[in-house]
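An overview of the molecular structure
In case you want the letters, here they are:
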Amino acid sequence: MNPEVTVLTVLYQPEKEVLRRFFHSLSLQSEPFTLIVVENHSRDSPLSDVLPHNALFHRFPRNLGYAQAINWALQKVKTPYALITNFDIELEKECLREL
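First things first, this report covers the structure right here in the doc. Given the structure is predicted, the values throughout are model-derived calculations rather than measurements.

Check the secondary structure of the protein and you find three helices and four strands. Traced from its N-terminal end to its C-terminal end, the protein shows the element sequence β-α-β-β-α-β-α. Relative to a compact globule of 99 residues, whose C-alpha radius of gyration would be 13 Å, the protein shows 13 Å and is just as compact. Dimensions of the protein, computed from the C-alpha atoms along their principal axes, are close to 35 × 30 × 20 Å.

Turning next to unusual backbone geometry. For Gln13, which is not glycine, the phi dihedral falls at a positive 55 degrees. Position of Gln13 relative to the elements: it lies in the loop between strand E1 (5-11) and helix H1 (16-27). The phi angle at Glu94 is positive, at roughly 70 degrees, despite the residue not being glycine. For Glu94, the position within the fold is in the loop between strand E4 (81-86) and helix H3 (95-98). Judged by relative accessible area, which is 21%, Glu94 ranks as partly exposed.

Rules of the game
- Residues numbered from 1 in each chain as written.
- Predicted model: local features only at pLDDT ≥ 70, side-chain atom pairs only at ≥ 80, totals over all residues.
- Heavy atoms only, no water.
- Helix = DSSP H or I, 4+ residues; strand = E, 2+ residues; numbered from the N terminus.
- Rg over C-alpha atoms; globule rule 2.2 N^0.38 Å.
- Buried < 20%, exposed > 50% of the residue type's maximum accessible area, 1.4 Å probe, protein only.

Set out below in C-alpha cells:
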C-alpha cells in the first residue's frame, strides 16, 4: 500500500527524549506514511539513535528559519497530502487514518 501522506517536521535544538516520544507516536500509526525530517543547524544533533531508519533527513549548514525549512520539505513531498507537525507533539494513535 502506497503512502497517502507525508509527515514533515523541522528540528532545532531538540531534546532527545522529546524526539523519542514524537517518533514513537508516529510508530503507532497503522496507515503508511512518508517522513521528512529537516534539521535547522542545531549545535548538537542527537539524531543518530532516535531517527527512524526510513526517514528522509536533511540538515541545513546554517539555520535558515522554520518557513524556509518547511518550504524545502514541501518540495520533496510526493504524496497527495502533507502533514506539517512540530517535533514536540505526540500524535494520537490512528490520527493519520482520520486524514
